[in-house]
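Per-entry structural report
Chain residues, written in single-letter form:
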Amino acid sequence: MNSNTLYRYNNKPDGTLRIIQYLGSEEDLTLPVELDGIKVTAVHDFAFKGNAALRNLVIPDGITDIGVEAFSYCEHLTTVTVLGDLDFIGIKAFFGCSSLELIRANSVKRVSKQIVSRVSNVKLICDLSGWHTYPESVNPIIHFVNSYYSFADIDEVLLKKNV
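A brief structural summary. This is a predicted model, so every value here is computed, not measured.

Within the protein, the regular secondary structure consists of 1 helix and 13 strands. Each helix and strand of the protein, placed in order from N terminus to C terminus, yields the pattern β-β-β-β-β-β-β-β-β-β-β-β-α-β. A total of 163 residues make up the protein; the buried ones form 47% of that total. Looking at the protein alone, contacts between residues at least 24 apart form 36% of all its contacts between residues at least 6 apart. For the protein, the exposed surface amounts to about 8,100 Å²; the carbon and sulfur share of it is 47%.

Right, here's the structure in full:
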(Lines give C-alpha, C1' and ligand atoms only; values in the text may rest on other atoms or scores of the structure.)
Protein backbone atom coordinates (compact mmCIF):
# COMPACT_ATOMS: atom_id res chain seq x y z
CA MET A 1 0.00 0.00 0.00
CA ASN A 2 1.20 3.49 -0.88
CA SER A 3 -0.14 6.84 0.24
CA ASN A 4 0.08 10.57 -0.17
CA THR A 5 -1.63 13.26 1.89
CA LEU A 6 -5.15 12.57 0.51
CA TYR A 7 -5.18 8.99 -0.76
CA ARG A 8 -4.05 5.51 0.09
CA TYR A 9 -3.68 3.37 -3.00
CA ASN A 10 -2.21 0.17 -4.36
CA ASN A 11 -1.13 -1.31 -7.67
CA LYS A 12 -3.40 -3.34 -9.91
CA PRO A 13 -1.96 -6.23 -11.95
CA ASP A 14 -2.06 -4.08 -15.11
CA GLY A 15 0.33 -1.53 -13.57
CA THR A 16 -2.32 1.11 -12.87
CA LEU A 17 -3.53 2.20 -9.43
CA ARG A 18 -6.70 1.82 -7.41
CA ILE A 19 -7.67 4.26 -4.67
CA ILE A 20 -8.27 2.25 -1.51
CA GLN A 21 -8.93 5.08 0.97
CA TYR A 22 -9.60 8.80 0.87
CA LEU A 23 -8.07 10.76 3.76
CA GLY A 24 -9.34 14.25 2.93
CA SER A 25 -12.38 16.33 3.75
CA GLU A 26 -13.12 18.22 0.53
CA GLU A 27 -16.74 19.06 -0.26
CA ASP A 28 -16.13 19.32 -4.01
CA LEU A 29 -13.74 16.67 -5.23
CA THR A 30 -12.36 15.60 -8.58
CA LEU A 31 -10.57 12.30 -8.28
CA PRO A 32 -6.97 12.26 -9.51
CA VAL A 33 -6.07 10.83 -12.92
CA GLU A 34 -2.60 9.99 -11.60
CA LEU A 35 -0.89 9.46 -8.26
CA ASP A 36 2.90 9.61 -8.13
CA GLY A 37 2.97 9.61 -11.93
CA ILE A 38 0.95 6.39 -12.30
CA LYS A 39 -2.51 6.29 -13.87
CA VAL A 40 -5.50 5.75 -11.55
CA THR A 41 -8.17 3.45 -13.02
CA ALA A 42 -10.28 2.32 -10.07
CA VAL A 43 -11.88 3.27 -6.77
CA HIS A 44 -11.69 0.23 -4.52
CA ASP A 45 -14.36 -1.20 -2.23
CA PHE A 46 -15.30 1.09 0.70
CA ALA A 47 -12.69 3.73 -0.27
CA PHE A 48 -14.92 6.73 0.57
CA LYS A 49 -17.52 4.96 2.75
CA GLY A 50 -19.10 7.29 5.29
CA ASN A 51 -17.26 10.43 4.20
CA ALA A 52 -19.30 13.20 5.83
CA ALA A 53 -17.78 16.11 3.87
CA LEU A 54 -18.17 15.03 0.24
CA ARG A 55 -20.95 16.84 -1.63
CA ASN A 56 -20.00 16.94 -5.32
CA LEU A 57 -17.87 14.29 -6.95
CA VAL A 58 -16.24 14.26 -10.39
CA ILE A 59 -14.81 10.99 -11.63
CA PRO A 60 -12.38 11.81 -14.45
CA ASP A 61 -11.90 10.03 -17.74
CA GLY A 62 -9.66 7.03 -17.19
CA ILE A 63 -11.24 5.76 -13.97
CA THR A 64 -13.31 2.83 -15.18
CA ASP A 65 -14.23 0.81 -12.10
CA ILE A 66 -16.13 1.80 -8.95
CA GLY A 67 -15.96 -0.84 -6.20
CA VAL A 68 -18.46 -2.30 -3.77
CA GLU A 69 -19.82 0.39 -1.41
CA ALA A 70 -17.09 2.73 -2.66
CA PHE A 71 -19.14 5.84 -1.79
CA SER A 72 -21.77 4.29 0.48
CA TYR A 73 -23.14 6.39 3.33
CA CYS A 74 -21.65 9.64 2.03
CA GLU A 75 -24.78 11.31 3.38
CA HIS A 76 -24.13 14.78 1.96
CA LEU A 77 -23.15 13.64 -1.55
CA THR A 78 -25.58 15.28 -3.98
CA THR A 79 -24.06 14.90 -7.46
CA VAL A 80 -21.76 12.46 -9.19
CA THR A 81 -20.38 13.34 -12.62
CA VAL A 82 -18.44 10.72 -14.56
CA LEU A 83 -16.44 12.29 -17.39
CA GLY A 84 -15.35 9.04 -19.05
CA ASP A 85 -16.81 5.62 -19.65
CA LEU A 86 -17.31 3.26 -16.73
CA ASP A 87 -16.83 -0.47 -17.14
CA PHE A 88 -18.27 -1.37 -13.75
CA ILE A 89 -20.16 0.05 -10.76
CA GLY A 90 -20.11 -2.29 -7.76
CA ILE A 91 -22.99 -3.35 -5.57
CA LYS A 92 -24.21 -0.64 -3.20
CA ALA A 93 -21.65 1.84 -4.58
CA PHE A 94 -23.88 4.76 -3.52
CA PHE A 95 -25.97 2.92 -0.92
CA GLY A 96 -27.23 5.17 1.86
CA CYS A 97 -26.23 8.44 0.15
CA SER A 98 -29.41 10.09 1.38
CA SER A 99 -28.80 13.47 -0.32
CA LEU A 100 -27.90 12.04 -3.73
CA GLU A 101 -29.88 13.69 -6.52
CA LEU A 102 -27.98 13.07 -9.75
CA ILE A 103 -25.58 10.56 -11.28
CA ARG A 104 -24.41 11.68 -14.71
CA ALA A 105 -22.23 9.33 -16.77
CA ASN A 106 -21.19 9.08 -20.41
CA SER A 107 -21.67 5.33 -20.48
CA VAL A 108 -21.76 2.43 -18.09
CA LYS A 109 -21.16 -1.13 -19.26
CA ARG A 110 -22.04 -3.08 -16.13
CA VAL A 111 -23.87 -2.10 -12.96
CA SER A 112 -24.42 -4.27 -9.91
CA LYS A 113 -27.73 -4.35 -8.09
CA GLN A 114 -28.70 -1.82 -5.46
CA ILE A 115 -26.17 0.86 -6.34
CA VAL A 116 -28.52 3.54 -4.96
CA SER A 117 -30.63 1.67 -2.42
CA ARG A 118 -32.06 3.72 0.43
CA VAL A 119 -31.86 6.81 -1.73
CA SER A 120 -34.86 8.62 -3.15
CA ASN A 121 -35.40 10.97 -6.06
CA VAL A 122 -32.16 10.11 -7.86
CA LYS A 123 -31.85 10.96 -11.53
CA LEU A 124 -29.51 8.80 -13.56
CA ILE A 125 -28.36 10.28 -16.87
CA CYS A 126 -26.22 7.99 -18.98
CA ASP A 127 -25.77 6.12 -22.21
CA LEU A 128 -26.84 2.52 -21.73
CA SER A 129 -26.66 1.59 -25.40
CA GLY A 130 -23.49 -0.47 -24.98
CA TRP A 131 -24.99 -2.77 -22.35
CA HIS A 132 -26.99 -5.40 -24.16
CA THR A 133 -28.56 -6.13 -27.51
CA TYR A 134 -32.29 -6.27 -26.92
CA PRO A 135 -34.90 -8.04 -29.02
CA GLU A 136 -37.51 -5.62 -30.32
CA SER A 137 -40.01 -6.98 -27.79
CA VAL A 138 -37.87 -5.91 -24.79
CA ASN A 139 -37.87 -2.34 -23.58
CA PRO A 140 -34.26 -1.65 -22.45
CA ILE A 141 -35.33 1.02 -19.96
CA ILE A 142 -37.70 -1.35 -18.17
CA HIS A 143 -35.06 -4.11 -18.28
CA PHE A 144 -32.50 -1.73 -16.81
CA VAL A 145 -34.74 -0.55 -14.00
CA ASN A 146 -36.06 -4.02 -13.15
CA SER A 147 -32.62 -5.62 -13.23
CA TYR A 148 -30.60 -3.08 -11.35
CA TYR A 149 -32.87 -0.97 -9.17
CA SER A 150 -35.98 -0.95 -7.13
CA PHE A 151 -38.49 1.55 -8.51
CA ALA A 152 -38.51 3.22 -5.08
CA ASP A 153 -34.78 3.91 -5.36
CA ILE A 154 -34.59 5.77 -8.63
CA ASP A 155 -36.83 8.61 -9.68
CA GLU A 156 -35.92 9.03 -13.33
CA VAL A 157 -33.66 7.47 -15.96
CA LEU A 158 -32.62 9.75 -18.80
CA LEU A 159 -30.70 8.22 -21.67
CA LYS A 160 -28.20 10.24 -23.69
CA LYS A 161 -28.65 8.13 -26.83
CA ASN A 162 -31.62 6.42 -28.38
CA VAL A 163 -31.61 2.75 -27.39
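This brings us to the nonpolar core. Core analysis: the biggest nonpolar cluster contains 37 residues, and Leu31, Phe48, Ile66, Phe71, Leu77 and Phe94 have the highest contact counts within it. For this core, the elements supplying multiple residues, two or more each, are β2 (7-11), β3 (17-22), β6 (38-43), β7 (56-59), β9 (79-86) and β11 (102-108). Isoleucine 66 has contacts with Val43, Ile59, Phe71, Leu86, Phe88, Ile89, Gly90 and Ala93, leaving out every residue within four places of it along the chain.

With respect to the helices and strands, isoleucine 115 occurs in the loop between β11 and β12 (123-127). Assessed through its relative accessible area of 1%, isoleucine 115 is described here as buried. In the structure, isoleucine 115 is positioned 46 residues away from glutamate 69 in sequence and 8.1 Å away in space, judged by C-alpha atoms.

This paragraph deals with the state of the cysteines. By the definition in use, this model includes 0 disulfides. In this model cysteine 97 remains outside any disulfide bridge; the closest cysteine sulfur is found in cysteine 74, 5.1 Å from its own.

Once that is clear, we can look at the packing of aromatic side chains. Counted according to the given criterion, the structure contains 5 aromatic pairs. An aromatic cluster of three or more residues is present, and its members are Tyr7, Tyr22, Phe48, Phe71 and Phe94.

With that settled, the discussion passes to the environment of valine 43. Turning to its location among the elements, valine 43 is positioned in strand β6. Residues valine 43 and leucine 17, spaced 26 residues apart in sequence, show a C-alpha to C-alpha distance of 8.8 Å. If we ignore the near neighbours within four places in the chain, the residues touching valine 43 are Ile19, Leu31, Phe48, Ile63, Asp65, Ile66, Gly67, Ala70 and Phe71.

Another point: the pairing of β6. Pairing between β3 and β6: 3 bridges, direction parallel. When the bridges of β6 are listed, arginine 18 appears paired with alanine 42. In this sheet, β6 lies alongside strand β5 (residues 34-35) in antiparallel orientation, the contact comprising 2 bridges. Among the inter-strand pairings, leucine 35 is bridged to a residue of β6, identified as isoleucine 38. Adjacent in sequence and paired antiparallel, β5 and β6 are bridged by 2 residues, among which aspartate 36 carries a positive phi angle near 50 degrees.

Once that is clear, we can look at the side chain of glutamate 69. Along the chain, the position of glutamate 69 falls in the loop between β8 (65-66) and β9. We classify glutamate 69 as buried; its relative accessible area is 14%. Residues within four places of glutamate 69 in sequence aside, it is in contact with Phe46, Lys49, Ile91, Lys92 and Ala93.

Basis of the calculations
- Residues numbered from 1 in each chain as written.
- Predicted model: local features only at pLDDT ≥ 70, side-chain atom pairs only at ≥ 80, totals over all residues.
- Heavy atoms only, no water.
- Helix = DSSP H or I, 4+ residues; strand = E, 2+ residues; numbered from the N terminus.
- Buried < 20%, exposed > 50% of the residue type's maximum accessible area, 1.4 Å probe, protein only.
- Contact = heavy atoms within 4.5 Å.
- Areas by Shrake-Rupley, 256 points an atom, 1.4 Å probe, with all protein chains shown as cover.
- Core = buried A, V, L, I, M, F, W, Y, C linked by side-chain atoms within 4.5 Å.
- Disulfide = S-S within 2.5 Å.
- Phe/Tyr/Trp six-rings, centres within 6.5 Å; stacked < 30°, edge-to-face > 60°.
- Pairing = 2+ DSSP bridges.

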